[in-house]
Amino acid sequence: MKILFSNTTKYTKKVYFDFLEFHNKKFGKKYWFNTALVLIVILYILIINIVYFNWRLMILLLIIGIFFVIYRIKSQENIIKKELKKEPIAKEKEFKFVFYEKYFKIRDKLQSETIKYYKIKRIYETENFFYLYIDKMHSFILSKDGFSQGNTEDFYRFIKRKKYILW
């Protein structure tokens, strides 16, 4: 198969924090909006129980609301801590992405994985990176400076076309 694009990106803490900043700008409002909606429902049920003097359920709902907020905040912190400890970021691994017509490969020094384009759910471009999301929380990060074959403009058109052809 003919190699269409080749990119090498080093996953560092700075790269990961750039990704987090982008991800929070893109999806953070939705996350906190959903949190607020659940809290509004809990608050509404809480008020009804206050009006009807149902103190046991009111206290239970108050506790549930507090734990829900703590969970939503802590779960985000825990995800970040876990990702920072994972090998690609902790050891600043370098990945080579090689793009072919029907799939792309990701290689590091020890292993290689083939990914079909239909697994890419979303594609975003920033000033320095391309983010190829495979689910809500995980993305392949490609540095725009890392292309050794092809260029960023052609790559973006190619990857967008692949995404829309397969959907």
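Everything quoted here is computed from the prediction, not taken from an experiment.

Asks: It is not clear to me how a positive patch on the surface should be interpreted in this structure. Could you clarify?
Replies: On the surface, Lys26, Lys30, Arg122 and Lys136 cluster together into a patch of positive charge. Mapped onto the elements, Arg122 comes out in strand β5 (residues 122–125). For Arg122, a relative accessible area of 37% translates into the label partly exposed.

Asks: Which parts of the structure should I look at to understand unusual backbone geometry?
Replies: Excluding glycine, most residues fall at negative phi; most peptide bonds, likewise, are trans. Despite not being glycine, Phe53 has its phi angle at roughly 55°, a positive value. By the secondary structure assignment, Phe53 is in the loop between α1 (13–51) and α2 (55–85).

Asks: When you look at the side chain of Asp108 in this model, what are you seeing that I'm missing?
Replies: The residue Asp108 is located in the loop between β3 (103–107) and β4 (112–116) in this model. By relative accessible area, which is 13% here, Asp108 ends up buried. In terms of polar contacts, Asp108 uses its side chain to reach the side chain of Lys93, at 2.5 Å. Polar side-chain contacts of Asp108 include one of 2.7 Å to the backbone nitrogen of Gln111.

Asks: Got a minute to help me understand a nonpolar patch on the surface in this structure?
Replies: A contiguous nonpolar patch, built from Ile50, Phe53, Trp55, Ile59, Leu62, Ile63, Ile66, Phe67 and Ile70 and spanning about 920 Å² of accessible area, is present on the exposed surface. By the element assignment, Ile59 lies in helix α2.

Asks: Whenever I open this one, the pairing of strand β2 (residues 94–99) confuses me. Can you help?
Replies: Put simply, side chains in a regular strand alternate between the two faces of the sheet. Here strand β1 (residues 5–10) runs beside β2; their pairing, made up of six bridges, is antiparallel. Within the sheet, the bridge partner assigned to Ser6 lies in β2 and is Val98. Sheet topology places β2 next to β3; four bridges connect them, and they run antiparallel. By the bridge assignment for β3, Phe97 is matched with Ile106. Hairpin remark: β2 followed by β3, antiparallel, with three residues in the connecting loop.

Asks: Help me understand the sheet that holds strand β6 (residues 129–133), please; the structure alone is not making it clear to me.
Replies: For sheets, the rule is that strands pair by backbone hydrogen bonds, running either parallel or antiparallel. Here we have three strands laid out as an open sheet, ordered β5-β6-β7, and antiparallel in their pairing. Edge strands, defined here as strands with exactly one partner in the open sheet, are β5 and β7 (139–143). Put simply, the sheet's adjacent strands are angled 15° from each other on average, direction ignored. Direction of pairing for β5 relative to β6: antiparallel, over a ladder of four bridges. Pairing of Glu125 across the sheet is with Phe130, part of β6. Against the sheet, α1 contacts β5, β6 and β7, and its axis sits at roughly 65° relative to β6.

Asks: Would you mind going over the sheet that holds strand β8 (residues 147–149) with me for this structure?
Replies: Taken in spatial order, the five strands make up an open sheet running β4-β3-β2-β1-β8, and their pairing is antiparallel. Every interior strand has two partners, whereas the edge strands, β4 and β8, have only one. Taken over all neighbouring pairs, the strand axes of this sheet differ in orientation by 20° on average, direction set aside.

Asks: Honestly, α1 in this entry has me stumped. Any pointers?
Replies: Residue pairs three or four apart in sequence face the same way in an α-helix, which turns once every 3.6 residues. Residue Phe27 marks the point of greatest curvature in α1, where the axis turns by about 55°. Just downstream of α1, Phe53 is the residue with a positive phi angle, here 55°.

Parameters at a glance
Residues numbered from 1 in each chain as written. Predicted model: local features only at pLDDT ≥ 70, side-chain atom pairs only at ≥ 80, totals over all residues. Heavy atoms only, no water. Patch = residues over 30% accessible without salt bridge, like charges linked within 9 Å, V, L, I, M, F, W, Y side chains within 5 Å. Areas by Shrake-Rupley, 256 points an atom, 1.4 Å probe, with all protein chains shown as cover. Salt bridge = Lys/Arg side-chain N within 4 Å of Asp/Glu carboxyl O. Lys, Arg positive; Asp, Glu negative; His and termini not counted. Charge placed at Lys NZ, Arg CZ, Asp CG, Glu CD. Helix = DSSP H or I, 4+ residues; strand = E, 2+ residues; numbered from the N terminus. Buried < 20%, exposed > 50% of the residue type's maximum accessible area, 1.4 Å probe, protein only. Polar contact = N/O pair within 3.5 Å; in protein donor to acceptor, adjacent residues only side chain to side chain. Pairing = 2+ DSSP bridges. Axes fitted to C-alpha atoms, helices over the stretch in contact; angles between N-to-C directions. Contact = heavy atoms within 4.5 Å. Bend = angle between axes of the 7 residues up to and from the residue.

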